[in-house]
Structure formats: structure tokens, C-alpha cells
Amino acid sequence: MAHQLRAALAFVFRDYHLTRRYWSWVLVFTFYDMVSAASIMLIGVAAQNPRLTLTLLLGAVMWSFLGRLFGEIANSISYERWEGTIEYTFMAPVSRLTHLVGVSLFAGAYALLRGVLVFVFMSLFVDIGASFTQVLQCLVVFVVASLGFMGIGLMAAVLPVMSTENGAQATNIIQAVFLLISGVYYPVSVLPAWLQPISALSPATYALNACRKILGVDGGGSAIAPGVSLGAVLPELGILLVFGAVTIPLGLFVFGKAETWAKRTGKLKRAG
């Protein structure tokens, strides 16, 4: 177990240095995330609607975290192909579980840092109106929700393996669909009737519902109601845990099958 943990941390260490190597790109995209999130939140400020402002802020911060988490895991194979290390990684004497755990740990830490930076930047524009306890409770929800997105990201990561040219673009399409159906900036009830049931397939839907209850913005009107405690959103947390328990093993299984297929057909090389 200690050996596997050290190996997983080695992948975290590797991904950290790979990200640091492209620090200018990281800086650009982080700044873009912060400015985009603040621009969305200011719609609520312009409407003089505190509830809408906090709803948009929550949606922007959560999607900054979950979207980045999903993107980092889903595109991990693309990054390795660009660097020319994918063959070495797949031949390394470590289990695929250890490899993917390391990738997921770094992606989670990186996404969380990006989410915190977005939150701090948005707080410079408006009084958040949430207590420190509420923020911590929402952070717990974020962490639990990340399990489901890790599993979904592992399944999406097979797309760059199967298609060198179009796999990475396909992961962006999946991410956009989750943004649409999860009700990140609006309640799911405004979606077309035929699309609303599909929102139940997204972990972000339940994470947003839980955080909106905690912050007291799940009701109508423009006022912010008293929020609930973490214990009141246990049903949503339970569903999020189920998502993680189902999607992570499924993601590992799908990834393993895709890896076997790629090795057999010679799809690992950069040219596809």
C-alpha cells in the first residue's frame, strides 16, 4: 500500500511540474475564469437582486471547480500524447488504478485552488453575504461532488485514446452538456420538459441544490432566506456518494478496456 501511495504521489508531482512548465497558460486561463465568473455575477448586481447575485456566484465558483476537475482528468491522455510520454506511462510498472488516482488527486487539488481564486476575486466586487460556516459546508459538498465528476472524467478520458484528432474536442462537448443540464446559473425547472429528467444524471445538479439550500437561495423572490445546516442536505450528499461509488469503478473499467484496445491497435503514438 505504501508503495502504491508513493507511486500515486509521483504522478501528482509529475503533473505539478508539467503544469508549472506552462505557467503562463495557467495564468491566462485562470484570469479568464475569474473575469468570466465576475461578469456573470454582476448580472445579479445590476438587477439589484441579492438572491440572484449569490446564485450566480455559487454557480460560477462550483463550475470553475467541477469543470476544471473534469477537464483535467478527461484531457490527461491528450496532455501525455502532446508531451510524448503516453507510451512510457502505460509501460510503467504501476497499476492503472495508481496512475489514475495520482492524476485525479492533482486534478482535484488544482481545480480546488482555481475555484478558491475565483471566489476570492468575485468577493472583491460584492459582499458575498455568506458566513464562513456556510462556505465551509459548501466546500464539503464540492469535495463529495468531485467523486462523481472524477468517474465521469475517467470515462471521458478514453475519447482522446480512441481518436487522436477529435477526442479532446469531444470531451469539451460532454462538459458543455453537463453545464447545460445541471442548472448551474438557473433552476433546472426552466429547461424544456424533455430535458429536465436528464439533469438527474449530473452530480452537479445535486451539489448545486445542496449548496443553494445551505446558502438560503433555493426559494423564490429576491431575498436570501436563512440557510440550512449540512445535516439537512444529507439526501443530496448520499446521492453524490452513490455517483462516486458507481462512476469511479465504471470509469476504471472503461479506461482499462480502452487502454487494451489502444495497445492492440497501435493508437498510443502521437500521430494516432
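All values reported here derive from a predicted model rather than from experimental measurement.

## Examining the UniProt feature "transmembrane region" (unreviewed entry) in the chain
Step number 1: Per the UniProt record, "transmembrane region" (unreviewed entry) is annotated on residues 22-46, 52-71, 100-122, 134-161, 173-195 and 237-255.
Step number 2: Across residues 52-71, helical content stands at 100% and strand content at 0%; the span's end C-alpha atoms are separated by 27 Å.
Step number 3: The distance from the first to the last C-alpha atom of residues 173-195 is 16 Å, and the span holds 39% helix and 0% strand.

## Describing the side chain of Thr-53
Step number 1: Its location among the elements puts Thr-53 in helix H3 (residues 50-74).
Step number 2: Not counting residues within four places of it along the chain, the set of residues in contact with Thr-53 comprises Met-41, Gly-44, Val-45 and Val-126.

## Describing the pattern of salt bridges
Step number 1: As enumerated under the stated definition, the model contains 6 salt bridges in all.
Step number 2: Here Arg-114 makes a salt bridge to Asp-33, at a shortest N to O gap of 2.5 Å. Linking Arg-114 in helix H6 (residues 96-123) with Asp-33 in helix H2 (residues 23-46), this pair joins segments that are 81 residues apart in sequence.
Step number 3: A salt bridge links Arg-96 to Glu-259; the shortest N-O distance between them is 2.7 Å. With a gap of 163 residues between them, Arg-96 in helix H6 and Glu-259 in helix H11 (residues 234-265) connect regions that are remote in the sequence. As far as burial versus exposure is concerned, Arg-96 and Glu-259 are alike and both buried.
Step number 4: Because the salt bridges share partners, they merge into one network encompassing Arg-14, Asp-15 and Glu-80.

## Here's the deal with the packing of helix H10 (residues 203-215) against H11
Step number 1: Closest axis-to-axis distance for the H10/H11 pair is 9 Å, and the angle between their directions is 155°. Here H10 is positioned roughly antiparallel relative to H11, judged by the angle of their axes. Classified by chirality, the crossing of H11 by H10 is left-handed. The segment H10 lies against H11, with Pro-203, Tyr-206, Ala-207, Asn-209, Ala-210 and Lys-213 engaging Glu-236, Ile-239, Leu-240 and Phe-243.
Step number 2: Residues of the contact of H10 with H11, tallied by class, amount to 7 nonpolar, 1 polar and 2 charged.

Cut-offs used in this document
Residues numbered from 1 in each chain as written. Predicted model: local features only at pLDDT ≥ 70, side-chain atom pairs only at ≥ 80, totals over all residues. Heavy atoms only, no water. UniProt positions renumbered as here; feature names shortened; annotations may be inferred. Helix = DSSP H or I, 4+ residues; strand = E, 2+ residues; numbered from the N terminus. Contact = heavy atoms within 4.5 Å. Salt bridge = Lys/Arg side-chain N within 4 Å of Asp/Glu carboxyl O. Buried < 20%, exposed > 50% of the residue type's maximum accessible area, 1.4 Å probe, protein only. Axes fitted to C-alpha atoms, helices over the stretch in contact; angles between N-to-C directions. Parallel < 35°, antiparallel > 145°, perpendicular 65-115°, else oblique. Left-handed = near helix turned anticlockwise from the far one by under 90°. Nonpolar A, V, L, I, M, F, W, Y, C, P; charged D, E, K, R; others polar.

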